[in-house]
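For reference, the chains in residue letters:
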Amino acid sequence: GIVEVASAHWEVDMGRFSGVLALAAALALALVASVDAAAVPAWGAAAGRSLRRSPIARAALSPSHLSLVALRGGAASTEGIPLLAGASTTQDEGKVFLKLSINYGVDGGSIVAVGPSSAFGNGDIHKAPKLQRKGGGERWEGVVEVALSEGVVKYQYVILSKTHRYEARIAERSINLEGLKAGDKMDVQDSFRSPKPATLATSCFSVAVFGKGKPDWATETENPVIEHSKLTWKPDAAAPGAGEVTVRFALFAPRVDAGHSVVVHKGTEKVKMAALGNGIFLGQVVVPSAALPMEYKYVVLDATGAEACAEKGFRKLSLDGADPATTTIVKDEAFNYHNPTYKSAGVSIPVSGIKTRESTGIGEFMDLKPVADWCEKTGLQLIQILPINDSGEDPSPYSASSSFALHPIYVRPITVCDYYTKKFGMDLSGSEGWAKSLIDKLNGNWKIDYGRILDEKRKFMDSLFDSVGRDKILEDADFNTYVKNNAEWLVPYAAFKVQLSKERTFNNQWFDCTKWSKRVEDAAIITSLQGGDYDQVVRVYFTQYHLHVQLVEASRYLESKGVALKGDLPIGVTRCSQDVWAEPNLFKLDRNAGAPGDPEQNWGFPPYNWDQMHKDGCGWWRRRLHHMEQYFHAYRIDHVLGFFRMWEIPRHGGGGQYVPNGGLRESGLRNLRAIQTASNMMICGEDLGNVPPEVGPVLLELGVLGLKIQRWCDGKTWDYSYLTVAASSCHDCSPCRLWWNENWGEAERFYNSFCGQGQTPGGPPDWISQKIIKMHAESSAMWTINPMQDYLDSWNSLRSENAKADMINKPGSTDGCWIWRCHKRMEDLNKEKGFNTFLKNLLRGAQRGVTY
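Residues numbered from 1 in each chain as written. Predicted model: local features only at pLDDT ≥ 70, side-chain atom pairs only at ≥ 80, totals over all residues. Heavy atoms only, no water.

Peer 1: I'm lost on the sheet that holds strand β20 (residues 344-348) in this one. Help?
Peer 2: Picture the strands of a sheet paired through backbone hydrogen bonds; they go either parallel or antiparallel. Taken in spatial order, the 8 strands make up an open sheet running β28-β25-β22-β21-β20-β31-β30-β29, and their pairing is parallel. Single-partner strands in this sheet number two, and they are β28 (682-685) and β29 (706-709). Taken pair by pair, the neighbouring strands of this sheet meet at an average axis angle of 25°, ignoring direction. Sheet topology note: the strand β25 (residues 634-637)/β28 ladder contains 4 bridges and is parallel. Across the sheet, residue Ala 634 finds its bridge partner in β28, namely Met 682. Running at roughly 135° to strand β21 (residues 382-384), helix α4 (residues 368-378) makes contact with β20, β21 and β22 (564-569) of the sheet. (Pairing = 2+ DSSP bridges. Helix = DSSP H or I, 4+ residues; strand = E, 2+ residues; numbered from the N terminus. Axes fitted to C-alpha atoms, helices over the stretch in contact; angles between N-to-C directions. Contact = heavy atoms within 4.5 Å.)

Peer 1: Looking at this structure, I do not really get the sheet that holds strand β6 (residues 139-147). What am I missing?
Peer 2: With mixed pairing, 8 strands are arranged side by side in an open sheet as β5-β6-β3-β10-β19-β11-β15-β14. The sheet is open, and its two borders are formed by β5 (132-133) and β14 (274-277), each paired with just one other strand. Of the strand pairs in this sheet, strand β10 (residues 185-190) and strand β19 (residues 328-334) are connected by 4 bridges, and their pairing is parallel. Residue pairing across strands places Met 186 opposite Thr 328, the latter belonging to β19.

Peer 1: So what exactly am I meant to see when it comes to the confidence of the model for the protein here?
Peer 2: Note that predicted coordinates carrying low pLDDT should not be read in detail. Of all residues in the protein, 88% have pLDDT values of 70 or greater, and the mean over the chain is 87. Throughout residues 1-81 the model reports pLDDT below 50, and contacts reaching past four residues in sequence, or to other chains, amount to 251 contacts. (pLDDT = per-residue confidence, 0-100.)

Peer 1: Any chance you could explain the pairing of strand β11 (residues 244-252) here in plain terms?
Peer 2: For a regular strand, side chains alternate in direction, first toward one face of the sheet and then toward the other. Most of β11 is tucked away: 9 of the 9 residues are buried. The alternating pattern of β11 places Glu 244, Thr 246, Arg 248, Ala 250 and Phe 252 and Val 245, Val 247, Phe 249 and Leu 251 on opposite faces, both of which are buried. (Buried < 20%, exposed > 50% of the residue type's maximum accessible area, 1.4 Å probe, protein only.)

Peer 1: I keep staring at helix α6 (residues 429-442) and nothing clicks. Help me out?
Peer 2: Helical geometry: 3.6 residues make up each α-helical turn, so side chains three or four residues apart lie on a common side. Here α6 is 14 residues long and its end C-alpha atoms lie 20 Å apart, about the 20 Å a rise of 1.5 Å per residue gives. On the buried face of α6, the contacting elements are α5 (413-424) and α7 (450-468). (Expected span 1.5 Å × (residues − 1).)

Peer 1: Got a minute to help me understand the pattern of salt bridges in this structure?
Peer 2: Charged atoms that come close allow side chains of opposite charge to pair. Applying the stated rule across the entire model yields 49 salt bridges. Of the charged contacts, one joins Arg 193 and Asp 332 as a salt bridge, the two residues approaching to 2.4 Å between their closest N and O atoms. Of this pair, Arg 193 sits in the loop between β10 and α1 (195-198) while Asp 332 sits in strand β19, placing them 139 residues apart in sequence. Each member of the pair, Arg 193 as well as Asp 332, is classed as buried. Arg 539 is the salt-bridge partner of Asp 462, the closest N and O atoms lying 3.3 Å from each other. Here the residue Asp 462 occupies a position in helix α7, and Arg 539 occupies one in helix α12 (residues 534-560), the gap between them amounting to 77 residues. (Salt bridge = Lys/Arg side-chain N within 4 Å of Asp/Glu carboxyl O.)

Peer 1: How should helix α23 (residues 833-845) be read in this particular structure?
Peer 2: Relative to the 18 Å expected for 13 residues at 1.5 Å per residue, α23 spans 18 Å between its end C-alpha atoms, a close match to the ideal helical length. Residues of α23 that are buried: Phe 835, Asn 836, Leu 839, Leu 842 and Leu 843. Viewed along the axis of α23, the buried residues span an arc of 130°, placing them on a single side of the element. For α23, the exposed residues set more than 90 degrees away from the buried face come down to Lys 833, Asn 841 and Gly 845. Tucked into the core, α23 has its buried residues touching β20, α4, α20 (766-777), α21 (788-793) and α22 (826-829). Trailing α23 by a residue or two, Gln 847 shows a phi angle of about 65°, which is positive. (Arc of directions from axis to C-beta.)

Structural data, given as structure tokens:
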């Protein structure tokens, strides 16, 4: 197991913080690990020094922030954690001196440390303290005076050059001043937090791929998690002894599998660290100054305490160049993995296209479970789907009537019956029989009969509502909690749906909600208990609640399998939508979005009014993404170029133009930063088409992944940038097998460039499809996410009979769009041992999904 190391000031930790801490806490927290009071040697000190425990009462800890866990059989305990027992002991007056240092090569520029406090420029890079280059090399230093009254100071480094470079937004730093006194001097040895590895700190990895949903079996062996504001540099206001310094190790190590833990290692001594969430681990120790410089490294241990991954070589801790009066050190660095880049693979499939024996004529949220089972068998770690918001009777998932509400077509009727049968012991045998008959009635089709399915499910949900009874539904505490927590969007959505059904009976402009007889100000009346529409309102709540319950269940199941769920964020909303009806000021209603060309494309939806959105810090976006984060671990931004500029066309005639026409970098940074900070999901941008030169650098700076479709670039998958999703095709183009047969000239060029010389085979044979999948697996991109059709085409016996039937959408046409269902049921695909093993070996051979 672990050998805990102590000095006279070594502290003990056994805590777990409930909730997700931002990576910003990196430098602010400290924790020291030890599980018994036995005297053991301190690093660099003589043996025999006793461990002094801090008398911190368990009752002093906030139960909302800290819960206790056992560690490999050890008793859960908070004794000795360097936590405050009561109120802060830090003086409100006076300053401390932070000597910041970082190594970074800058050609013709400078480095500043910027943050929200006055000491760091109040967020203004032009007022932020500048670091000075030392000796003409790559080391930069600067001393910042910080008032103790700040409590916790946050900052990040910005490289000022021709194009400024920021650290990853998710990696904002903070330093907790608790326990320091006026005049104290701290040596802060930082490393630049690049957006590339910081992407691995998103919930896509921390919760799903590596975290596997944070199950109980894992948290018993992982590094305990603790809240940084409860920690202190000097427990009981005790200072280090003469000739000693307190060292806080802050390690960024996002690639740690569930149940594994990180330690600081020196010789045979290992010290467990605390986990802050988002890949940050910290430890704190007091060491004799005479023991510096000293060597150490970081090691990942598995659940048994065995070494899973260790850094090569040792690091060096020193006080070179520091003020002799320095008593505290922050050592901020990143784990040095043997494989420096993590790569993974996923599958793209619309929910509607999933086919199982339990489906009701269309894929449903619960059908994501067997897809996750298949991913586990094949080594895939992500399922990418199309938008799932309510689009009413329009089968296009990009025509949503709400950015928050889920589409009723994805509810599974029999699961709703089971909910009330199990929870309230109700006899719903009649409804259950109806639900099962719908499977028999609708599930035989291999194309989606959208209108019929929607109508059948609407009738069923209305009937089940009546069978359960409104009063019983309103007695459900979980239902009421859901309504309360989502009221901000759910109430206007319900009012919108009720009013929409009315407007369609008398208003020939019902499709434009700005022309309705009722406004959002009337929503409270429409949804009131005393109103005549209350029964219909509760029916809307009822359907949305069960959609929510089923999607959450599916999402949590994916997490348990180490599979992330990636959603899709359409670039616009329709004019007849809850969003436009509720907040019309956020949209340019006198214009339409589109794209230039001959002919010009007019998409029909209003462009965003970004100036208006930024007045409240993009509150609408923040609410929208916070809502999505309940279900998703990543999302794709449809037409991310629209965050830089949009082709805007006057609604009532005239040619369009780009808005804005200049300043694209500033526009893109401003808009994308606003949504990036709204959630911890991984962001991928669809950056295809006529891409301005400003787009790529901004996406890279923010850690937003771009997209590459092999046939639309030079095909050299090994040259893709790391922050890329490499895809063989997508929902807006033909699958590879169909493309091969319909674009013979392009197929010949592909064959001669990547497969061999001579006559290009028709078909193509499955080995060509395997070659395409293999090229993507071996690409330099972080992710390869290929459509289900392309995976199945790589195994001859799994191919569909008609490649043309595998198209999902045909841009510019409505014929045959959005009706695709996978020709292979997921239950059957899960039994295809030969193919599943082939795909798993292919991905593993390309080092995809290999944590260490």
